[in-house]
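Structural characterization, general
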Amino acid sequence: MTDALTRLREMQSADLPVHGGRTLAYVYDSGLPDIDRIGREAVTAYAGSNGLDPTAFPSLLRMENEVVGTAADLLDAPDTVVGTVTSGGTESVLLAVQTARDAHPGIERPQMVLPTTAHAAFHKAAHYFGVEPVLVPVGPDSRADPAAMAAAMDDRTVLVVASAPSYAHGVVDPVTAIAAAAAERGIRCHVDACIGGWVLPYAARLGRDVPAWTFAVDGVTSISVDLHKYAYAPKGTSVLLHRTPELRRPQFFASAAWPGYTMLNSTMQSTKSGGPLAGAWAVMRSLGDEGYERLARDVFKAVDRIRAGIGEMKELAVASTPDSTLIALTTDGSCDPFTVCDEMAARGWYVQPQMSYAGSPATIHLSVSAATLPHVAELLEALADAVSAAVASGPVTVDPGVAAFIAELDPLALSDEDFDGLLLAAGLIGTDSEQGEQSEQAELALPQRMAEVNAMLDLASAAMREALLVAFLDRLTRPTRR
């Protein structure tokens with residue numbers, strides 16, 4: 001057992017750090033070691049408990065109701081509100097879409113109206129549940145266009161979505177106008193506050209200008225908010241709130257059509273570890289309202305200082321004025337975002353590349369945490385150095401032959417040979433040293449620098465990009481045999 005744990009630590013050393021404020025995507029770090037310890041210990045204590053049956057584990061039921069109650073208070077919910085703890089933002093979104101669909105069984109081809117900036121989880125829900133996404137272009141400020149959203153609603157619309165904030169640009173959609181238009185037509189309005197739901201209320205308390213988006217807005221029928229983001233809980237917890245029990249009821253699944261126990265589920269999962277819920281409950285109880293307000297003050301100080309520092313770098317600009325803790329950066333053409341991301345990684349910072357979309361340029365994405373505040377000066381120094389290095393090397397280019405090859409590919413007919421050719425061009429697989437040909441047994445290698453690969457993907461259409469990444473994931477996830 002000791003050898004296994006040692007091996008785990010060795011393998012983990014190659015991962016991105018989850019503490020220290022230097023990973024500005026995927027993880028959200030409070031910077032408080034005691035809070036991390038409390039969350040881990042609670043997860044461990046409840047790792048074997050099963051949330052499938054709340055009558056068998058009543059402590060899990062009590063914790064869930066208390067977590068939902070805390071979220072309800074934070075989000076200006078009425079006394080009628082109900083909620084469910086899920087495994088994450090994607091499950092919360094999936095359930096919101098499934099519930100809206102099942103509330104209207106008479107609509108044969110249901111639709112949901114989404115701004116183009118809505119999270120991709122809604123497209124996943126559309127794929128899973130057969131709810132057609134109606135995509136509405138956003139305005140020049142990257143916020144949803146309420147008039148265009150209203151015009152897209154019709155008799156087949158079962159759900160309208162707004163973001164607080166949208167992930168790509170960190171801006172809050174005009175929820176008041178969108179929800180009013182949905183309510184006028186009797187349509188549910190879901191606010192995806194997965195990433196901002198636990199920090200925006202505190203931003204408002206601190207006097208920052210935050211557009212209205214909570215249950216205080218008439219017409220908002222459901223809200224999703226993740227606890228493993230700015231509630232700083234261990235990974236694996238989100239909350240989906242519905243304004244009334246009647247709105248939530250289609251979310252539940254029950255089946256007595258077999259000889260075993262009658263299945264009854266509130267989420268996509270049946271068996272689910274009580275660990276993540278216990279971890280979230282323990283962290284929330286430990287931090288309390290004052291603790292979260294203090295962390296919000298820290299994270300917004302970091303955001304403001306980062307924006308001020310970026311304002312002094314002529315090569316970079318903020319893509320949209322952020323309402324929350326997410327910042328998207330564009331470059332002036334003297335360098336490209338993908339190379340800047342590589343150069344940041346070389347300096348011990350992870351920032352996320354975002355591809356171009358519908359005429360909008362590729363960007364550099366930063367999800368700022370409270371733990372980033374003490375390191376802002378280091379971050380800005382690294383970013384300035386990374387930009388200088390990217391300018392010196394020049395924008396990354398794709399070989400014209402490779403670009404032409406990508407342009408001719410059909411995403412619906414992508415063959416293994418096509419994909420292998422691109423892997424070879426990207427340097428992700430090698431060639432047979434004697435024959436100069438690709439080896440059938442060539443091992444897929446993760447490159448240290450991703451700029452050229454990202455530039456290739458950026459040239460591809462959205463459908464082609466999806467096909468290529470699915471093929472890449474398929475190759476990456478193959479069994480290791482003993």
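You'll find the structure just up there.
Now for a look at the structure at hand. Every value quoted in this text rests on a predicted model; they were computed, and no experiment measured them. (Residues numbered from 1 in each chain as written. Predicted model: local features only at pLDDT ≥ 70, side-chain atom pairs only at ≥ 80, totals over all residues. Heavy atoms only, no water.)

Let us now look at the layout of surface pockets. Taken as a whole, the second largest pocket encloses approximately 630 Å³ of empty space. The wall of the second largest pocket is formed by 33 residues, among which Gly51, Pro54, Glu64, Ser266 and Lys272 lie closest to the centre. Of all the secondary structure elements, the ones that give two or more residues to the lining of the second largest pocket are helix H3 (58-74), strand S1 (82-86), strand S9 (263-265) and helix H10 (275-310). For the lining of the second largest pocket, the class distribution of residues is twelve nonpolar, 17 polar and four charged. (1 Å grid on protein atoms, 1.4 Å probe; cavity = no way out; pocket = protein on both sides within 12 Å on 5 of 7 lines; lining within 4 Å. Points joined across faces, edges and corners; volume = space filled by probe spheres on them. Helix = DSSP H or I, 4+ residues; strand = E, 2+ residues; numbered from the N terminus. Nonpolar A, V, L, I, M, F, W, Y, C, P; charged D, E, K, R; others polar.)

One finds Trp198, Trp213, Tyr292 and Leu366 to be the most contacted residues of the largest nonpolar core, which totals 95 residues. Excluding residues within four positions of it along the chain, Trp213 makes contact with Leu75, Ala164, Val172, Val175, Val191, Ala193, Gly197, Leu200, Pro201, Val220 and Ile223. Counting 17 residues, the second largest nonpolar core, distinct from the first, contains Leu422, Ile429, Ala460 and Ala471. (Core = buried A, V, L, I, M, F, W, Y, C linked by side-chain atoms within 4.5 Å. Buried < 20%, exposed > 50% of the residue type's maximum accessible area, 1.4 Å probe, protein only. Contact = heavy atoms within 4.5 Å.)

Each regular strand displays side chains that alternate between the two surfaces of the sheet. Most of S1 is tucked away: five of the five residues are buried. On S1, burial covers both faces: Val82, Thr84 and Thr86 on one face and Gly83 and Val85 on the other are all buried. Note: S1 against strand S7 (residues 238-242), five bridges, orientation antiparallel. Across the sheet, Gly83 pairs through a bridge with Leu241, a residue of S7. (Pairing = 2+ DSSP bridges.)

So, on to the side chain of Arg465. You can see Arg465 is positioned in helix H16 (residues 462-476). Separated by 3.1 Å, the side chain of Arg465 and the backbone oxygen of Leu457 make a polar contact. Sequence-distant contacts of Arg465, defined by excluding residues within four places in its chain, comprise Met355, Ser356, Leu457, Asp458 and Ala460. (Polar contact = N/O pair within 3.5 Å; in protein donor to acceptor, adjacent residues only side chain to side chain.)

What follows is about the side chain of Ser320. With respect to the secondary-structure elements, Ser320 resides in the loop between strand S10 (316-318) and strand S11 (326-331). For Ser320, a relative accessible area of 6% puts it in the buried group. Among the polar contacts made by the side chain of Ser320, one reaches the side chain of Ser142 at a distance of 2.9 Å. When residues no more than four places from it in sequence are discounted, the contact partners of Ser320 are Asp141, Ser142, His169 and Val171.

Applying the stated criterion across every chain, the model contains 21 salt bridges. Lys314 is paired through a salt bridge with Glu315; the nearest N and O atoms lie 3.3 Å apart. With its nearest N and O atoms 2.8 Å apart, the salt bridge here joins Arg475 to Asp420. Separated by 55 residues along the polypeptide, Arg475 in helix H16 and Asp420 in helix H14 (residues 416-426) bring together distant segments of the chain. Through salt bridges with shared partners, a single ionic network connects Arg205, Asp289, Glu293 and Arg297. (Salt bridge = Lys/Arg side-chain N within 4 Å of Asp/Glu carboxyl O.)

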